Amino acid sequence: ARKIIIDTDPGQDDAVAILLALASPEEIEVLGITAVAGNVPLALTARNARIVCELAGRPDIKVYAGCDRPLGRKLVTAEHVHGKTGLNGPVLPDPVMPLQDAHAVDFIIDTVRAQDSGAVTLCPLGPLTNIAMAFEKAPDIIDRLAGIVLMGGAYFQVGNITPAAEFNIYVDPQAADIVFRSGTDITVMPLDVTHKALVTAPRNDAFRALGNRVGAAVADMTDFFERFDKEKYGSAGAPLHDPCVTAYLIRPELFSGRRINVEIETRSELTMGMTVADWWRVTDRPANALFIGDVDADGFFDLLTERLARL
Ligand code: BDR
Ligand code: CA
């Protein structure tokens, strides 16, 4: 199984991504979960991460709190999408499992150093603050990574928090810039692909029809943020962003993309956080990321439904 650290700001779609990972022990070993400020403030994301572990029946997973604000900007949150708690929709009990004492950034550094070189994959599902902090504090870990598979950015789909930028990159563009320049192997799930992974009514019914607690909770979660996304984008369902990351680790053949150069706008207020992706390779800037553009959506939802049934 591939060893991963999930760095996250749950978020209903983050929650589904975590559930998919925990339901797939043959392919994925979750070394720990690190929370970051993003969709909602840090205290809530650290709490939500534990609620999700308990929902999965995995109170043994270690959850760490990380950075409570972006490197150089004020925190922008997304309660308008995810609700006041970040996990609105299902009614879930307060977590009983503890939050670990160590800081998420130190956990990331120590874990990457302790594991074999090339063993650990980082899976960021929120702003890249914790990852960038770890790279700045301990640059030696960069070469020890297997790579990064992250949700963030957009190209043809453009922005969802400003006209130019996707939320995760917009919240901490400076951190994203550090990560994209780091030289590690990066796979990106931008809005271009997540807006093809739509939770349509029949797909949501399939979650509910699982008949287990997880299926009902996931259906309630996606119902909740559907309200926002459906009205907004007028599509058949809401994009299920973050689970694309964990699905890719299990079934990479469901996805396709291009190795291209991606740079992050960190200066212009108008286009702040834009992922300037050289999709047509019009420059000779070297490729630094595999930018995913397509997904077999039916295959993706079949996988998700099949795995959630196991929890
Ligand atoms: C990303 O922003 C968050 O609101 C979601 O959890 C996802 O990670 C989509 O732009
Ligand atoms: Ca997220």
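Right, let's walk through the structure included here. Since the model is a prediction, treat every value here as computed from it, not as a measurement.

Closest axis-to-axis distance for the helix H11 (residues 243-250)/helix H12 (residues 297-308) pair is 11 Å, and the angle between their directions is 90°. Classified by the angle their axes make, H11 and H12 are roughly perpendicular. Of the residues in H12, those touching H11 at Pro243, Ala247 and Ile250 are Phe300, Leu303 and Leu304. The residue inventory of the contact of H11 with H12, partitioned by class, reads six nonpolar, no polar and no charged.

What follows is about the pairing of strand S4 (residues 120-124). For S4, a buried count of five out of five residues is recorded, marking the element as mostly surrounded by other parts of the structure. Judged by which residues are buried, S4 turns out to be covered on both faces: Val120, Leu122 and Pro124 on one side and Thr121 and Cys123 on the other are all buried. Pairing of strand S1 (residues 2-8) with S4, which is carried by five bridges, proceeds in the parallel orientation. Note on S4: the bridge partner recorded for Lys3 is Val120. On the question of chirality, the crossover connecting S4 to the parallel strand S5 (residues 145-151) by way of helix H5 (residues 129-137) is right-handed.

Time to look at the site of ligand 1. Lining the immediate surroundings of ligand 1 are 15 residues, of which Gly11, Asp13, Ala78, Phe167 and His241 lie closest. Secondary-structure elements contributing two or more residues to the shell around ligand 1 are helix H1 (12-22) and helix H6 (167-171). A breakdown of the residues in the shell around ligand 1 according to their chemical character gives five nonpolar, six polar and four charged.

The next subject is helix H2 (residues 42-55). If you check H2, its first and last C-alpha atoms are 20 Å apart, about what 14 residues at 1.5 Å a residue would give, namely 20 Å. Most of H2 sits out of view: 12 of its 14 residues are buried. Every buried residue of H2 is listed here: Leu42, Leu44, Thr45, Ala46, Arg47, Asn48, Ala49, Arg50, Ile51, Val52, Cys53 and Leu55. One or two positions beyond H2, positive phi appears at Gly57, with a value near 75°.

Turning our eyes to something else, we now look at the environment of Gly147. Of note, Gly147 is situated in strand S5. Residue classification places Gly147 among the partly exposed positions, given that 15 C-beta atoms sit within 10 Å. When the C-alpha positions of Gly147 and Gly118 are compared, they lie 7.9 Å apart, and in sequence the two are 29 residues distant.

With that settled, the discussion passes to the nonpolar core. Proteins that are soluble and globular tend to have nonpolar side chains buried together. Residues Leu19, Ala35, Val179 and Val245 are the most contacted members of the largest nonpolar core, which totals 106 residues. No other element matches H1, which puts eight residues into this core. If we skip the residues at most four places from it in the chain, Val245 touches Ala17, Cys123, Leu125, Val149, Leu150, Met151 and Met189.

Turning our attention to unusual backbone geometry. Omega for the bond connecting Pro10 with Gly11 falls within 30 degrees of zero, at -5°, which places this linkage in the cis form. With respect to the element layout, Gly11 can be found in the loop between S1 and H1. Located in the positive-phi region is Arg281, a residue other than glycine, with phi close to 50°. Relative to the helices and strands, Arg281 resides in the loop between strand S11 (275-277) and strand S12 (289-295). Residue Arg281 is classed as exposed on the basis of its 12 C-beta neighbours within 10 Å.

So, about the pairing of strand S2 (residues 28-35). Among the eight residues that make up S2, six are buried, leaving the element largely enclosed by the rest of the structure. Two elements, S1 and S2, share seven bridges in a ladder whose sense is parallel. The residue of S2 that forms the bridge with Ile6 is Ile33. What joins S1 to S2 is H1, and the crossover it makes is right-handed. Relative to strand S3 (residues 63-65), S2 is paired through three bridges, and the arrangement is parallel. By the bridge assignment for S3, Ile33 is matched with Val63. Each parallel crossover has a hand, and the one from S2 via H2 to S3 is right-handed.

What counts and how
- Residues numbered from 1 in each chain as written.
- Chains lettered and ligands numbered in written order.
- Predicted model: local features only at pLDDT ≥ 70, side-chain atom pairs only at ≥ 80, totals over all residues.
- Axes fitted to C-alpha atoms, helices over the stretch in contact; angles between N-to-C directions.
- Helix = DSSP H or I, 4+ residues; strand = E, 2+ residues; numbered from the N terminus.
- Parallel < 35°, antiparallel > 145°, perpendicular 65-115°, else oblique.
- Contact = placed C-beta atoms within 7 Å.
- Nonpolar A, V, L, I, M, F, W, Y, C, P; charged D, E, K, R; others polar.
- Buried ≥ 20, exposed ≤ 12 C-beta atoms within 10 Å, placed from the backbone.
- Pairing = 2+ DSSP bridges.
- Right-handed = clockwise from strand over helix to strand, strands pointing away.
- Near = placed C-beta within 6 Å.
- Expected span 1.5 Å × (residues − 1).
- Core = buried A, V, L, I, M, F, W, Y, C linked by C-beta atoms within 7 Å.

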